[in-house]
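Descriptive analysis of the structure
Chain residues, written in single-letter form:
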Amino acid sequence: MANRIHPSILNANLAGIDGELARIPSAHGIHVDVMDNHFVPNLTLGLPVVESIRANHPELFLDIHLMIEEADRWAPGYAEAGCESVTFHLEASAAPIRTARQIRQLGSRAAIALRPQTPVEPLADLLTEFDMVLVMTVDPGFGGQSFLDNQLGKIRRTRDLVRASGQEIWIQVDGGVSESTIERCVDAGADVFVAGSAVFRADDPDAMVRHLTEIADARCAAH
Ligand code: DX5
Ligand code: ZN
């Protein structure tokens, strides 16, 4: 599948989301970080704001990253709101299969995220319940942190598991992805790239989205 760049709006101007989205027309999806101040020590936005973004931008691919406790309780609501992809954390779910099936039944892609310290191997027998695996390359909670190289092995092992499953499951990386780290992620097997500060701190955010796409595509072609 083609590489995708999903800018995270976490470090954009959250009081002017419509204007920020207008700055990145080349994005393949919009990554929205939902934080509850419990699963992570930060608080961002929730379902009412996501519903407003949905209503104002019916054309966008909304990639929701839930960093919240009680994921089983809250995740299906984001699918019901019409988001294309809903990601919840394995660490915050007591019933990941049931939740993934609910998300899919509501018409969204179901995705599962792993904190840096969580191994991917426990997902091996659950993998086909998901459309995407998110390997965090920072401790979740904040934008602007440094990319954790020690997660590259996990991305590789995730790619091996996906290959063995025979299904088309996307592998997303989130945290510290920039023009200087994206090639390592491509080499390890990722194909969906979240970039927050790299995009929104650039002088021209859309040019950065295109630049990241080009780097990833060129690296893939070289394999
Ligand atoms: C961090 C969030 C990320 C964050 C990435 O917990 O999940 O999506 O916005 O920001 P950068 O790209 O700046 O690391
Ligand atoms: Zn995120």
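What comes next is a walk through the structure. Owing to the predicted nature of the structure, the values given are computational and were not obtained by experimental measurement.

Turning our eyes to something else, we now look at the environment of Leu45. Structurally, the position occupied by Leu45 is in the loop between strand S2 (30-35) and helix H2 (47-56). Given a relative accessible area of 12%, Leu45 falls into the buried group. For Leu45, the contacting residues outside a window of four places in its chain are Leu14, Ile17, Val32, Asp33, Val34, Met35 and Val50.

Our next topic: the packing of aromatic side chains. Enumeration over the complete set of coordinates arrives at two aromatic pairs. Seen from their ring centres, Phe61 and Trp170 are 6.0 Å apart, and the 35 degrees between their planes marks the pair as tilted. One end of the pair, Phe61, is in the loop between H2 and strand S3 (62-67); the other, Trp170, is in strand S7 (residues 170-174), with 109 residues separating them in the sequence. For the pair shown, Phe61 and Trp170 are each scored as buried. Between Phe88 and Phe130, the ring centres sit 6.1 Å apart and the planes meet at 55 degrees, which makes this aromatic pair tilted. Within this pair, whereas Phe88 is found in strand S4 (residues 85-89), its partner Phe130 is found in the loop between strand S5 (109-114) and strand S6 (132-136), the two being separated by 42 residues in sequence. The residues Phe88 and Phe130 share a single accessibility class, namely buried. Its end group placed over the ring of Phe61, Arg4 keeps NZ or CZ at 4.5 Å from the ring centre. The side chain of Arg115 reaches across the aromatic face of Phe39, ending 4.0 Å from its centre.

Ranked by internal contacts, the top residues of the largest apolar core, which has 68 residues, are Ile9, Ile30, Ile64, Leu66, Leu123, Ile182 and Phe193. Of all the elements, helix H8 (residues 205-222) adds the most residues to this core, at five residues. Residues in contact with Ile9, not counting those within four places in the same chain, are Leu14, Ile17, Leu21, Ile30, His31, Val32, Ile53 and Phe200. Listed in part, the five residues of the second largest apolar core include Ala111, Met132, Trp170 and Val192.

Let us look at the site of ligand 1. Neighbouring residues of ligand 1: 20 residues in total, closest Ser8, Gly141, Asp174, Gly196 and Ser197. Between ligand 1 and the protein, one listed contact pairs an oxygen atom with a side-chain N or O atom of His31 at 3.3 Å. Within the backbone of Gly141, a nitrogen or oxygen atom sits 2.7 Å from an oxygen atom of ligand 1. Taken by itself ligand 1 offers 380 Å² of open surface, and the protein chains cover 99% of this.

Rules of the game
- Residues numbered from 1 in each chain as written.
- Chains lettered and ligands numbered in written order.
- Predicted model: local features only at pLDDT ≥ 70, side-chain atom pairs only at ≥ 80, totals over all residues.
- Heavy atoms only, no water.
- Helix = DSSP H or I, 4+ residues; strand = E, 2+ residues; numbered from the N terminus.
- Buried < 20%, exposed > 50% of the residue type's maximum accessible area, 1.4 Å probe, protein only.
- Contact = heavy atoms within 4.5 Å.
- Phe/Tyr/Trp six-rings, centres within 6.5 Å; stacked < 30°, edge-to-face > 60°.
- Lys NZ or Arg CZ within 6 Å of the ring centre and 35° of its normal.
- Core = buried A, V, L, I, M, F, W, Y, C linked by side-chain atoms within 4.5 Å.
- Near = heavy atom within 4 Å.
- Polar contact = N/O pair within 3.5 Å; in protein donor to acceptor, adjacent residues only side chain to side chain.
- Areas by Shrake-Rupley, 256 points an atom, 1.4 Å probe, with all protein chains shown as cover.

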